[in-house]
Every structure is written in C-alpha cells, then in structure tokens.
Amino acid sequence: MSKKKKKTTTSKTTKKPIKKRRAAKKPAANPQAAATDTRHYTVHVLTTSTGDLVSRLVGAVLTQFSGSTFQRVSHPLQDNLQKLERTLQKIDKENALVVHALASPDAKRLVRKYCVEDRIPHFDVTGPLVYFISDHVGEFPADDVARLHQVDADYFRRVDAMEFTMQHDDGLGVDTLEQAEIVIVGLSRVSKSPTSLFLGSRGFRVANVSIAPEVGFPPELRKVKKKIVAFTVQPKRLQEIRAARFPQLEGVKYHNLTDVIQEVMQAEAEYRKRKYPLIDITNLTIEQTAARVLESLKLQIR
C-alpha cells in the first residue's frame, strides 16, 4: 500500500518567504563629516572712514553663529563713488554678505543697486540711525563726508593720550605719574601694555608699572592711589605665557610654576592691603579688560 503524499497547503501570502526590509542604517555621527556641512560666508564691510568700529561690531555679532564660518573682509576709505564701484565689482557674490556704513546717499544707492542686481544680501548700518535722529531732531543730515575727518580738540586729545601712554609704559616716567588718568600695576606679562595702549587710543592718559618681587612697589604710587587698578591672572596661565614669550629663561624662577604661584599670591595680598581694585584678566579680552578698568575707576567710555 503506497503512502499517500501529504498535500501541504500554503496561503497565497506565504507562498514565497518575504524578507523584511531593514531600515537603512544611519551613518554614525562623524565630526569631520559634520564639519563639511558648515556653511561658509564672506562678509564684506564697506566704510567711508577707517571702519574700525563697524568692523569690530560685525566681528562681535558673527561670534554668535556657531553653525556657520565667516571670513570678514574690510574695505575702508570708500570715500568716492569710483573707488566704491571698483570695490563692488571685485566682490565674489558666492555666499557673500555686504554690511556698509557709508555717509553719502549716492554711495548707499550704488551699493543697493549692485547688491540687488547680483542678489547679494546687504545691510546699511548707519541708515536706520541717521533716519531715527533726523526724525526726532527735525533736521536733515548734512551728508558731508569731509566732516568724518575733521581735526578737532578730541583728535588732539587722543594723540596726546597715546604719546603719554607710550612714554609711561612698563614703569617709565614714574616722576610724572600724577599726570596719568589711569595707572595699571601688575606682575610681568599680565597684559598691562596692550590694555594701556587700547585705553590710550580712546583718549585716556595711562601709565603702567611692573611689580617685581625683588624691587617691590615704587613710592610714587602713593600719590596716585585713587587712579590705580591692579591686574592679576591665574598662575598656571601666567607660567604658560612667560614660557612661550621667553623660552630661553626656562629653569629660572620666572618660569617655575611653584615660584609663579608664590609670586601671584604675594602680589595679590599686597594689592588687597593697599586696597587697589583687582581685575583677574585670565579669561578676558583686551577690550573687556579695558571696560573693567573704566568701571573700577568710575570713568566714562570715550
């Protein structure tokens, strides 16, 4: 008796085994790959004068955009239409942004015309401010480019302040210390000179005096106590700066971290004893340090 073949039945839906599709794997996060997705822009800053203030303003704003990278290109002294037109013609419109602070209405119109034609985003820094003041004082602006370069009392004051500051750098000119508006004291390599020059460029007569453990504090400081601000810094950072600045002095106390710690502690104790306002410059830029100095001495920014 022959065996009957067993008939197997399969539903239509299971005749062929269906392989389940796997979702495509997401590529693992790769910092280098992510970096290639960063957007790159070139920001062109067009100004009638030197453009220092506008350029720094734009630079400060750009730091707030971490998802993009920027190249800032300054085009100062765009004081006539021919020069401005040549500058605009050289701008590569690919990922370009234009920020301008131009005094002449004709110059503003020229920038707008070029940027609209080349589809370049553009922003007039001075326009809104000019219109705001004009509306509220009831007077039209003069649009006189020559006024930007006027030599007035303020100009001569700044020149005098810079000369004084350079003549009183790093302990120089202590016999005329009382003529200073600001006196900065601190150990070697705590950014006294850069901060002094920055403040000098703003019209303040600044003197800075280095304090060394072997020499102590000059007696002339007693006459200017109300003008003094002391700088300090974290010892490790100070040791790194000194090592980078004077590698040939390696092995001496000037470089040794233990000695630097002791030096900073002794200096800070003496500053407090003398009741000098104390500013830790470790994580500050020169501009921030200068602002702290003015705040400590209750001086107005110029």
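This text gives an overview of the structure that appears in the document. (Residues numbered from 1 in each chain as written. Predicted model: local features only at pLDDT ≥ 70, side-chain atom pairs only at ≥ 80, totals over all residues. Heavy atoms only, no water.)

## Comments concerning unusual backbone geometry
Part 1 of the reasoning: The residue lysine 275 is not glycine, and still its phi comes out positive at about 65°.
Part 2 of the reasoning: A residue is classified by how much of its surface remains accessible, and lysine 275, at 68% relative accessible area, is exposed.
Part 3 of the reasoning: Even without a glycine there, the phi angle at lysine 298 is positive, about 55°.
Part 4 of the reasoning: Among the residues examined, lysine 298 registers a relative accessible area of 75% and is labelled exposed. (Buried < 20%, exposed > 50% of the residue type's maximum accessible area, 1.4 Å probe, protein only.)

## Thoughts on the sheet that holds strand β7 (residues 228-232)
Part 1 of the reasoning: Spatially, β6-β5-β7-β8 is the arrangement adopted by the four strands of the open sheet, whose pairing is parallel. Edge positions in the open sheet fall to β6 (206-210) and β8 (278-280), since each of these has one partner strand only. Adjacent strand axes in the sheet meet at a mean angle of 25° when their direction is disregarded.
Part 2 of the reasoning: Pairing of strand β5 (residues 182-186) with β6, which is carried by five bridges, proceeds in the parallel orientation. Opposite isoleucine 182, over in β6, you have valine 206 as the bridge partner.
Part 3 of the reasoning: Helix-sheet contacts for helix α7 (residues 192-201) involve β5, β6 and β7, and the interaxial angle to β6 is about 175°.
Part 4 of the reasoning: Where helix α10 (residues 286-296) meets the sheet, its contacts fall on β5, β7 and β8, and the angle it forms with β7 comes to roughly 140°. (Pairing = 2+ DSSP bridges. Helix = DSSP H or I, 4+ residues; strand = E, 2+ residues; numbered from the N terminus. Axes fitted to C-alpha atoms, helices over the stretch in contact; angles between N-to-C directions. Contact = heavy atoms within 4.5 Å.)

## Some details on a nonpolar patch on the surface
Part 1 of the reasoning: A surface patch of nonpolar side chains, about 400 Å² in accessible area, is lined by Leu129, Phe132, Ile133 and Val137.
Part 2 of the reasoning: Along the chain, leucine 129 turns up in helix α5 (residues 127-137). (Patch = residues over 30% accessible without salt bridge, like charges linked within 9 Å, V, L, I, M, F, W, Y side chains within 5 Å. Areas by Shrake-Rupley, 256 points an atom, 1.4 Å probe, with all protein chains shown as cover. Salt bridge = Lys/Arg side-chain N within 4 Å of Asp/Glu carboxyl O.)

## Some details on the sheet that holds strand β4 (residues 122-124)
Part 1 of the reasoning: Ordered by their spatial adjacency, four strands build an open sheet running β2-β1-β3-β4, and the pairing between neighbours is parallel. Every other strand in the sheet has two partners, leaving β2 (68-75) and β4 as the edge strands with one partner each. With direction set aside, neighbouring strand axes in the sheet form an average angle of 20°.

## Concerning the packing of aromatic side chains
Part 1 of the reasoning: Applying the stated criterion across every chain, the model contains four aromatic pairs.
Part 2 of the reasoning: Where phenylalanine 65 meets phenylalanine 70, the ring centres are 6.4 Å apart and the plane angle is 70°; that geometry is what we call edge-to-face.
Part 3 of the reasoning: Using a relative accessible area of 46% as the deciding quantity, one classes phenylalanine 65 as partly exposed.
Part 4 of the reasoning: A network of ring pairs unites the aromatic residues Tyr41, Phe65 and Phe70 as a single cluster.
Part 5 of the reasoning: In this structure, lysine 113 is placed above the aromatic ring of tyrosine 114, and the distance from its NZ or CZ to the ring centre is 5.2 Å.
Part 6 of the reasoning: For arginine 202, the ring lying beneath its charged end belongs to phenylalanine 198, and the centroid distance is 4.3 Å. (Phe/Tyr/Trp six-rings, centres within 6.5 Å; stacked < 30°, edge-to-face > 60°. Lys NZ or Arg CZ within 6 Å of the ring centre and 35° of its normal.)

## Describing α10
Part 1 of the reasoning: All of the buried residues along α10 are Thr289, Ala290, Val293 and Leu294. Seen end-on, α10 carries its buried residues on one side only, within an arc spanning 140°.
Part 2 of the reasoning: Along its buried surface, α10 packs onto β5, α7, β7 and β8.
Part 3 of the reasoning: Lysine 298 lies just past α10 and shows a positive phi near 55°. (Arc of directions from axis to C-beta.)

## With respect to the pairing of β6
Part 1 of the reasoning: Taken across its five residues, β6 has four buried, putting it largely inside the fold.
Part 2 of the reasoning: One crossover worth recording links β5 to the parallel β6 by way of α7, and it is right-handed. (Right-handed = clockwise from strand over helix to strand, strands pointing away.)

## Quick word on the environment of proline 194
Part 1 of the reasoning: If you trace the backbone, proline 194 turns up in helix α7.
Part 2 of the reasoning: Placed 93 residues apart in sequence, proline 194 and glutamate 287 show a C-alpha to C-alpha distance of 9.7 Å.

## What about helix α4 (residues 105-117)?
Part 1 of the reasoning: With 13 residues, α4 extends 18 Å between its outermost C-alpha atoms, agreeing within 8% with the 18 Å of an ideal straight helix rising 1.5 Å per residue.
Part 2 of the reasoning: Along α4, the positions that sit buried rather than exposed are Ala107, Lys108, Leu110, Val111, Tyr114 and Cys115. Projected down its long axis, α4 shows its buried positions confined to an angular sector of 160°, all on one face. In α4, the exposed residues that point more than 90 degrees away from the buried face are Val116 and Glu117.
Part 3 of the reasoning: Buried residues along α4 sit against β1 (39-47), α3 (81-90), β3 (96-101), β4 and α5.
Part 4 of the reasoning: Just beyond α4, the residue with positive phi is arginine 119, at close to 55°. (Expected span 1.5 Å × (residues − 1).)

## Considering the packing of helix α8 (residues 235-245) against helix α9 (residues 257-274)
Geometry of a packed helix pair, given as the angle between the helix axes and the separation of the axes.
Part 1 of the reasoning: The interhelical angle for the contact between α8 and α9, taken along N-to-C directions, is 120°, at an axis separation of 9 Å. With respect to α9, the axis of α8 lies oblique. The two elements α8 and α9 cross, and the hand of that crossing is right-handed. The segment α8 lies against α9, with Pro235, Lys236, Leu238, Gln239 and Arg242 engaging Leu257, Val260, Ile261, Glu263 and Val264.
Part 2 of the reasoning: Taken together, the residues of the contact of α8 with α9 sort by class into six nonpolar, one polar and three charged. (Parallel < 35°, antiparallel > 145°, perpendicular 65-115°, else oblique. Left-handed = near helix turned anticlockwise from the far one by under 90°. Nonpolar A, V, L, I, M, F, W, Y, C, P; charged D, E, K, R; others polar.)

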